[in-house]
Amino acid sequence: MVLKPSDAAEFTTTMTGPNALKMDVNIVMLGTDNVGKSALTVRFLTRRFIGEYGDIESIYSHNVNVDGREIAFGIWDSPYSQERLSESPAQEKQMQWADGFVLVYSICDRASFNAVAKLVQRIKAARACAGTEKASIVIVGNKRDLHHRRTVTSEEGRLLALTTDCQFYEVSAAENYHGVLMVFHGLADRVREARSAAKKPAGIKGIVKSMSAVFARKRTDSL
Ligand SMILES: Nc1nc2c(ncn2[C@@H]2O[C@H](COP(=O)(O)OP(=O)(O)OP(=O)(O)O)[C@@H](O)[C@H]2O)c(=O)[nH]1
């Protein structure tokens, strides 16, 4: 099913608990032009690589069953525009809607890699500012089949992911369905973990806080 971005607010993000058997995951695809955002999306949705994708902005919905758990993916794929990579009302809307982000660069295009590095920081800052749960981000180096034209090494991609607490995959939307599947399933796992962590009490600080609350209540009770 394809929705228009204007339907984004109506596209529910309900979730009945981190261990529920059904889970909704909204994903935004970001990256500079021609890196393969649409190719990755279409590969995941249809298992096919069709070569040319046009410039239509869409939100796709796609249900899959992973290890007995149903995941309802919403995937927002928009053609590259400078506006989407910088602070803007359009980006704000995507930030609020998204549970996770797939940040795509081409291994043959260093500028696209640099743009991903900036995007990671921007997303983290926006989430921290909004006080929402930790951003779940997957960094994807696409066009692995074009290794003879590579300008970004695998190590650089891996290091960026390691230092920014993101997941990392190098894939070829053109040649390998399984790698693309791993990207989306991996991101769904991260989203589930982030939701579980957000529900847990805040470690030792949380325990001290709740004990203080109990003792404070006892003191007032005995007065
Ligand atoms: N060789 C190769 N080409 C790819 C791969 N993925 C995408 N392409 C090609 O790269 C071009 C751009 O792909 P798109 O999926 O349209 O890229 P996009 O990031 O959505 O681009 P914008 O819509 O401009 O933002 C197309 O010609 C694709 O066929 C890949 O893994 N390998």
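The coordinates are above.
A brief structural summary. (Residues numbered from 1 in each chain as written. Predicted model: local features only at pLDDT ≥ 70, side-chain atom pairs only at ≥ 80, totals over all residues. Heavy atoms only, no water.)

Remarks on the layout of surface pockets
For step 1, the next point in the chain: Counted as a void, the largest pocket has a volume near 510 Å³.
For step 2, the next point in the chain: As for the largest pocket, its lining consists of 23 residues, of which N34, V35, G36, G51 and Y53 are closest to the centre.
For step 3, the next point in the chain: Partitioned by chemical class, the residues of the lining of the largest pocket number 9 nonpolar, 8 polar and 6 charged.
For step 4, the next point in the chain: Quantified by volume, the second largest pocket comes out at close to 330 Å³.
For step 5, the next point in the chain: Lining the second largest pocket are 14 residues, with M95, Q96, W97, R127 and T132 positioned closest to its centre.
For step 6, the next point in the chain: Per-class residue counts for the lining of the second largest pocket are 6 nonpolar, 3 polar and 5 charged. (1 Å grid on protein atoms, 1.4 Å probe; cavity = no way out; pocket = protein on both sides within 12 Å on 5 of 7 lines; lining within 4 Å. Points joined across faces, edges and corners; volume = space filled by probe spheres on them. Nonpolar A, V, L, I, M, F, W, Y, C, P; charged D, E, K, R; others polar.)

Section: the site of the ligand
For step 1, the next point in the chain: If you check the shell around the ligand, you find 22 residues, and the closest are K37, A39, G51, Y80 and D145.
For step 2, the next point in the chain: The contact in question runs from an oxygen atom of the ligand to an N or O atom on the backbone of S38, over 3.0 Å.
For step 3, the next point in the chain: Taken by itself the ligand offers 650 Å² of open surface, and the protein chains cover 86% of this.
For step 4, the next point in the chain: Spatially, the ligand is embedded in the largest pocket.
For step 5, the next point in the chain: Of the residues contributing to the shell around the ligand, the split by class is 9 nonpolar, 7 polar and 6 charged. (Near = heavy atom within 4 Å. Polar contact = N/O pair within 3.5 Å; in protein donor to acceptor, adjacent residues only side chain to side chain. Areas by Shrake-Rupley, 256 points an atom, 1.4 Å probe, with all protein chains shown as cover. Sits in = over half its atoms within 2 Å of the grid points.)

Focus on the nonpolar core
For step 1, the next point in the chain: Counting residues in hydrophobic clusters, the biggest one holds 31 residues, and the most contacted among them are F73, V102 and F184.
For step 2, the next point in the chain: Broken down by secondary-structure element, the contributors of at least two residues to this core are β2 (22-30), α1 (37-46), β3 (58-66), β4 (69-77), β5 (100-106), β6 (136-142) and α5 (177-199).
For step 3, the next point in the chain: Among the elements that line this core, the one with the most residues is α5, at 7 residues.
For step 4, the next point in the chain: Membership of the second largest hydrophobic core comes to 26 residues, among which are W76, I137, A161 and F168. (Core = buried A, V, L, I, M, F, W, Y, C linked by side-chain atoms within 4.5 Å. Buried < 20%, exposed > 50% of the residue type's maximum accessible area, 1.4 Å probe, protein only. Helix = DSSP H or I, 4+ residues; strand = E, 2+ residues; numbered from the N terminus.)

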